[in-house]
Amino acid sequence: MFQTYRDPVLKRKLNKLNKQINKLDQNMETDSFTNELLNASDGTIWKFVTRFKKKSKNIPSLNGAGGIANTDLEKANFFTESLETQFTLNNNTNPDTEELVAVSVMRFRTEENSVCKDFDLPLPSEVLDCIKSLRINKAPGIDGINNKMMKNLPLNTTLKITTSIHEIMTFGRFPTRWKSATVVPILKPGKDPTDTTSCRPICLLPSLSKIAEHLILKRLNNYLKENNVLCPEQFRFREKLPTSHQLIRVVEYVTEGFANKQKTGVVSLDIQKEFDRVWQDELIH
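What counts, and at which threshold
- Residues numbered from 1 in each chain as written.
- Predicted model: local features only at pLDDT ≥ 70, side-chain atom pairs only at ≥ 80, totals over all residues.
- Heavy atoms only, no water.
- pLDDT = per-residue confidence, 0-100.
- Helix = DSSP H or I, 4+ residues; strand = E, 2+ residues; numbered from the N terminus.
- Core = buried A, V, L, I, M, F, W, Y, C linked by side-chain atoms within 4.5 Å.
- Buried < 20%, exposed > 50% of the residue type's maximum accessible area, 1.4 Å probe, protein only.
- Contact = heavy atoms within 4.5 Å.
- Patch = residues over 30% accessible without salt bridge, like charges linked within 9 Å, V, L, I, M, F, W, Y side chains within 5 Å.
- Areas by Shrake-Rupley, 256 points an atom, 1.4 Å probe, with all protein chains shown as cover.
- Salt bridge = Lys/Arg side-chain N within 4 Å of Asp/Glu carboxyl O.
- Axes fitted to C-alpha atoms, helices over the stretch in contact; angles between N-to-C directions.
- Parallel < 35°, antiparallel > 145°, perpendicular 65-115°, else oblique.
- Left-handed = near helix turned anticlockwise from the far one by under 90°.
- Nonpolar A, V, L, I, M, F, W, Y, C, P; charged D, E, K, R; others polar.
- Expected span 1.5 Å × (residues − 1).

Novice: Describe the confidence of the model for the chain, and please don't skip the residues or the numbers.
Specialist: Caution is warranted with low-pLDDT regions, since their predicted coordinates should not be read in detail. Summary statistics for the chain give a mean pLDDT of 83 and a share of 86% for residues scoring 70 or more. The weakest mean pLDDT in the chain belongs to helix α1 (residues 2–5) at 58; the strongest belongs to helix α6 (residues 124–132) at 94.

So this is what it looks like as structure tokens:
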């Protein structure tokens, strides 16, 4: 009515009603939060509160060979170039070694035994157990399927996932889509935030990929253990053999040397970006 008659009295009533509506909306939102907090008796109250405590951190301007990146697109391009450099294999060309590795890998991939057919294919119940063990607070991969969705999949979908994993283990081919990850840069403590190399790339893989990897790794570890393939000095990534045990082993050597009035020598080798730049064909060879 105020828009039609332009009466100041109507204008005051309109403003008063708008204030009442806004106040009512705020009260309803507050009551909703209060009810959610009061009903959070299953341990979820902390997860609810932490959303309000987190402070968003914007990525500052980045310095690089191409100048200074200010926009989101420029920053993304800077990170892309930095990651491409970090994941580029070291240039250690040797024709004889390359030919030896190429022949070895080709023979490995063409042999009938290249695919381990002795592995027991996973049952749907085993896949279902993996899905139940997923944590719902983990970020999804490039497919956007989070773990909460995975836990609510119907049984026929679980059977299809099991069939897909059977195909992977039978033919030795892992889906390219499942190997594609969303990369999130996380700043290392105490590092320069304007330098792209100061960030640690965190790769978010699809949940389906993690399930398949878990089932394959379980069978591979059993094979290595049963056939005594790994050397006794191999620690880390092994059941009941963390790196702390290796440190205790070194301390025992040093202590024994002190007791026998002997000196203990240690040779340490640190390979830069060993995981990012590993030559996979050489590893297979």
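Structure shown, so let's carry the discussion forward.
Novice: Can you break down the nonpolar core residue by residue, with the values?
Specialist: Counting residues in each nonpolar core, the largest one holds 15 residues, and the members touching the most others are Val127, Met150, Ile161, Ile165, Ile211 and Leu215. Breaking this core down by element, the ones donating at least two residues are α6, α8 (155–171) and α9 (207–226). With near-sequence residues (within four places) excluded, isoleucine 211 lies in contact with Val127, Cys130, Ile131, Leu134, Met150 and Ile165.

Novice: Account for the environment of glutamine 234, with residues named and values stated.
Specialist: Along the chain, the position of glutamine 234 falls in the loop between α9 and α10 (243–259). For glutamine 234, a relative accessible area of 32% corresponds to the partly exposed category. Remark: the alpha-carbon pair of glutamine 234 and glutamine 246, spanning 12 residues in sequence, is separated by 8.7 Å.

Novice: Residues and numbers for a nonpolar patch on the surface, please.
Specialist: A surface patch of nonpolar side chains, about 420 Å² in accessible area, is lined by Leu217, Leu220, Tyr223, Val229 and Leu230. The residue valine 229 is located in the loop between α9 and α10 in this model.

Novice: Please set out the packing of α6 against α9 residue by residue, giving values where relevant.
Specialist: Viewed as axis vectors pointing N to C, α6 and α9 meet at an angle of 120°, and their least axial separation amounts to 10 Å. Considering the angle they form, α6 stands oblique to α9. The hand of the α6/α9 crossing is right-handed. For the pair α6 and α9, contact is made by Glu126, Val127, Cys130 and Ile131 and by Ile211, His214, Leu215, Lys218 and Arg219, respectively. Here the contact of α6 with α9 is composed, by residue class, of five nonpolar, one polar and three charged.

Novice: Please give an account of the pattern of salt bridges that cites residues and values.
Specialist: Tallied over the entire structure, the rule returns two salt bridges. A salt bridge links glutamate 126 to lysine 218; the nearest nitrogen and oxygen atoms lie 3.4 Å apart. With glutamate 126 in helix α6 and lysine 218 in helix α9, this residue pair connects regions lying 92 residues apart in the sequence. The class of glutamate 126 is buried, set by a relative accessible area of 17%.

Novice: Kindly report on α9, identifying the contributing residues and their values.
Specialist: Between its first and last C-alpha atoms α9 spans 29 Å; for 20 residues at 1.5 Å apiece the expected length is 28 Å, and the two agree. Within the span of α9, buried status applies to Ser207, Leu208, Ser209, Ile211, Ala212, Leu215, Arg219 and Leu224. For α9, the elements touching its buried residues are α6, α7 (147–151) and α8. Asparagine 228 lies just past α9 and shows a positive phi near 50°.

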